[in-house]
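For reference, the chains in residue letters:
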Amino acid sequence: MARKKPLAGNRRKESPYVLGLVANAAGEMFELDGYAALGMCGERMVPLREKDVVPLPHGSETLLLPDRMPVLWNIREHRMEILDENPWEPGEPLLPVAAFNSPGYVITHHPAYRERAGAGILPLFAYGAVAWSAKGFASAVYQVDREDRQDLRCMPVEKVQDGVMTIRELLPRNRLLLHIKNCALLYGCPAAKNFFLGRYEAPLPTSRACNARCLGCISLQDNPELQSCQNRIAFTPSPREIAEIALLHIERVPDGVVSFGQGCEGDPLLAAHVIEPALRLIREKTDRGTLNMNTNASLPLVLDRLFEAGLDSIRVSMNSGREVVYNAYFQPRGYSFSDVAKSVDRAEKRGKHVAINYLNAPGISDGADEVAAMEFFLKNHGVQLIQWRNLNFDPLRYYDLVKKAAHPGPGMGMAALIRHFQKIFPGLCHGYFNPPSSRFGKRLT
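Predicted model only: the values in this text are computed from it and were never measured.

Draft legend 1. Expanded view of the overall build of the protein. Per the secondary structure count, the protein includes eleven helices and 21 strands. Relative to the compact-globule value of 22 Å for 445 residues, the protein shows a C-alpha radius of gyration of 23 Å, a close match. Scored against the burial criterion, the 445 residues of the protein give a buried share of 58%. In the protein, once contacts between residues fewer than 6 apart in sequence are set aside, the share between residues at least 24 apart is 77%. With an accessible surface of roughly 18,700 Å², the protein has 51% of that area assigned to carbon and sulfur atoms.

As structure tokens, this is what we get:
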């Protein structure tokens with residue numbers, strides 16, 4: 001998206017505020033002198049200051065919000081304004097701008113906006129507030145992980161392509177390899193790229209089915225207004241095909257991690273009939289590497305069998321510690337929130353590592369009632385790590401959904417929430433990525 005030059009004649013005066021960013025119909029972004037950016041947290045909007053933002057993280061993208069009007073803070077008049085058109089160039093329509101931030105950064109505020117009549121649901125991204133600060137483009141985020149695992153600068157396309165050619169020669173008949181190749185080269189999946197580059201964590205997509213209907217699912221959508229970002233795997237790989245990929249990665253990468261449960265599949269617990277023998281094949285060959293599963297943790301008895309077969313860790317997806325809010329987003333089929341808790345308990349009993357894939361959103365996750373529910377869950381179940389993941393969904397539509405289920409209560413702010421959990425759970429780690437077993441229980445930030 002192009003950036004338009006600042007409006008002539010509008011010089012910025014010294015101010016603690018950061019200026020609001022907007023875009024015109026041509027997609028050109030520019031700041032509006034005299035108007036501060038507003039951050040939105042549920043129903044609350046606050047003017048953003050320099051202390052509330054950091055320089056836009058490398059690899060972040062800016063997004064336009066169609067069929068919506070920006071809401072900014074008139075600095076001189078100390079009030080919010082919904083801007084249907086440019087106040088400095090009457091007749092020029094304006095669009096809100098958002099940031100889709102790089103991995104490892106928790107959104108603290110959404111951009112403030114209002115929908116026009118007939119506006120459709122926003123595509124499946126996490127929409128963070130973005131502004132123009134004294135240092136340029138700025139984002140309202142809190143950093144929780146500094147690892148370069150998904151830094152695009154470490155994933156040059158030509159090296160990924162070289163890795164594809166090399167590994168195809170090693171595993172010429174492996175169907176799973178061809179699927180992961182498409183993930184890397186067609187969809188740009190960072191985990192798939194890292195597999196071909198021989199670094200960090202490799203994906204093991206396996207399951208064609210799922211027993212949840214997550215509103216933000218990126219591989220299968222029931223909502224005709226939303227489009228999935230990638231195709232779900234169309235076959236079930238054999239235990240041998242799974243083991244070949246896992247063993248190759250573990251042999252190449254010190255402290256390597258391989259993970260079932262990717263964005264291009266359903267829930268891996270529904271493919272346990274091939275995953276269990278694959279785990280045994282891997283562990284017959286090596287005790288190195290970390291065997292991980294990203295899952296909804298819906299089937300505790302099945303998960304227990306996988307632990308017995310060699311699974312080392314799980315990352316459990318949750319958006320809430322409250323069952324009604326969990327159900328509103330995940331829409332479980334044939335399991336309940338209590339099954340998720342039972343799975344975590346079984347992992348703890350076997351001494352396995354448990355992370356929560358916490359799908360969070362400002363104005364909801366930091367609400368008093370939500371914080372109390374998550375505190376209760378963490379106190380009563382063995383979780384070692386929270387992976388803070390920005391929820392990829394339309395912010396206003398998600399807030400309305402949650403509000404119908406259970407009001408979140410007054411918010412403390414996302415940065416304050418993370419510091420709060422750090423204080424009351426000093427042994428709990430916070431980050432973004434799945435750690436190798438050598439770092440289980442070690443503070444990541």
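From this point on, the discussion continues.
Draft legend 2. Expanded view of the pattern of salt bridges. All told, the structure shown has 25 salt bridges when counted by the stated rule. The partner of Asp 84 in a salt bridge is Arg 116, and the shortest N-O contact between them spans 2.5 Å. With a gap of 32 residues between them, Asp 84 in the loop between β7 (79-82) and β8 (95-100) and Arg 116 in the loop between β11 (113-115) and β12 (128-133) connect regions that are remote in the sequence. Residue Arg 322 is joined to Glu 370 by a salt bridge in which the shortest nitrogen-to-oxygen separation is 3.2 Å. Separated by 48 residues along the polypeptide, Arg 322 in the loop between β18 (313-318) and α7 (323-330) and Glu 370 in helix α9 (residues 368-380) bring together distant segments of the chain. Each of the two residues, Arg 322 as well as Glu 370, counts as buried. Beyond isolated ion pairs, a larger network of salt bridges with shared partners links Arg 68, Glu 115, Asp 394 and Arg 397.

Draft legend 3. Up close: the sheet that holds strand β17 (residues 290-295). With respect to topology, seven strands assemble into an open sheet ordered β15-β16-β17-β18-β19-β20-β21, the strand pairing being parallel. The open sheet has two free edges, formed respectively by β15 (201-203) and β21 (429-431), since each of these has just one partner strand. Going across the sheet, the axis of each strand differs from the next one's by a mean of 25 degrees, ignoring polarity. Here four bridges tie strand β16 (residues 257-260) to β17, and the two strands are oriented parallel to one another. Residue Val 257 lies in a different strand from β17, and its bridge partner there is Thr 290. Each of β18 and β19 (353-360) touches helix α8 (residues 337-349); the most contacted strand, β18, lies at about 160 degrees to it. Running over the sheet, helix α11 (residues 414-424) touches β19, β20 (385-390) and β21 and is turned about 170 degrees from β20.

Draft legend 4. Representation of the UniProt feature "domain: Radical SAM core" (unreviewed entry) in the protein in the model. Under the UniProt annotation, the feature "domain: Radical SAM core" (unreviewed entry) is placed at residues 196-428. For residues 196-428, the helix share is 41%, the strand share is 14%, and the end-to-end C-alpha distance is 32 Å.

Draft legend 5. Focus on the packing of aromatic side chains. Under the counting rule described, the total for this entry stands at 15 aromatic pairs. Aromatic pair Tyr 326 and Phe 330: ring centres 4.4 Å apart, planes at 15 degrees, arrangement stacked. With Tyr 326 and Phe 330 both in helix α7 and four residues apart, this pair spans about one turn of that helix. There is no split in this pair, since Tyr 326 and Phe 330 are both buried. Taking the centre distance of 4.9 Å and the plane angle of 75 degrees together, the rings of Tyr 432 and Phe 433 count as edge-to-face.

Draft legend 6. Here's a closer look at the side chain of Asp 339. Inspection of the secondary structure assignment puts Asp 339 in helix α8. No salt bridge is formed by the buried Asp 339; its nearest oppositely charged neighbour, Lys 342, is found at 4.3 Å. When near neighbours in sequence (up to four residues on either side) are disregarded, Asp 339 contacts Ala 297, Ser 298 and Pro 300.

Draft legend 7. Just the packing of helix α5 (residues 272-285) against helix α6 (residues 300-309), in detail. Contact geometry of α5 with α6 gives a least axis separation of 8 Å together with a crossing angle of 15 degrees. In terms of orientation, α5 lies roughly parallel with respect to α6. In terms of crossing hand, the pair formed by α5 and α6 is right-handed. Packed against α5, whose contacting residues are Ala 272, Ile 275, Glu 276, Leu 279, Arg 280 and Arg 283, the element α6 presents Val 302, Arg 305, Leu 306, Glu 308 and Ala 309 at the interface. The residue makeup of the contact of α5 with α6, split by class, is six nonpolar, no polar and five charged.

Cut-offs used in this document
Residues numbered from 1 in each chain as written. Predicted model: local features only at pLDDT ≥ 70, side-chain atom pairs only at ≥ 80, totals over all residues. Heavy atoms only, no water. Helix = DSSP H or I, 4+ residues; strand = E, 2+ residues; numbered from the N terminus. Rg over C-alpha atoms; globule rule 2.2 N^0.38 Å. Buried < 20%, exposed > 50% of the residue type's maximum accessible area, 1.4 Å probe, protein only. Contact = heavy atoms within 4.5 Å. Areas by Shrake-Rupley, 256 points an atom, 1.4 Å probe, with all protein chains shown as cover. Salt bridge = Lys/Arg side-chain N within 4 Å of Asp/Glu carboxyl O. Pairing = 2+ DSSP bridges. Axes fitted to C-alpha atoms, helices over the stretch in contact; angles between N-to-C directions. UniProt positions renumbered as here; feature names shortened; annotations may be inferred. Phe/Tyr/Trp six-rings, centres within 6.5 Å; stacked < 30°, edge-to-face > 60°. Lys, Arg positive; Asp, Glu negative; His and termini not counted. Parallel < 35°, antiparallel > 145°, perpendicular 65-115°, else oblique. Left-handed = near helix turned anticlockwise from the far one by under 90°. Nonpolar A, V, L, I, M, F, W, Y, C, P; charged D, E, K, R; others polar.

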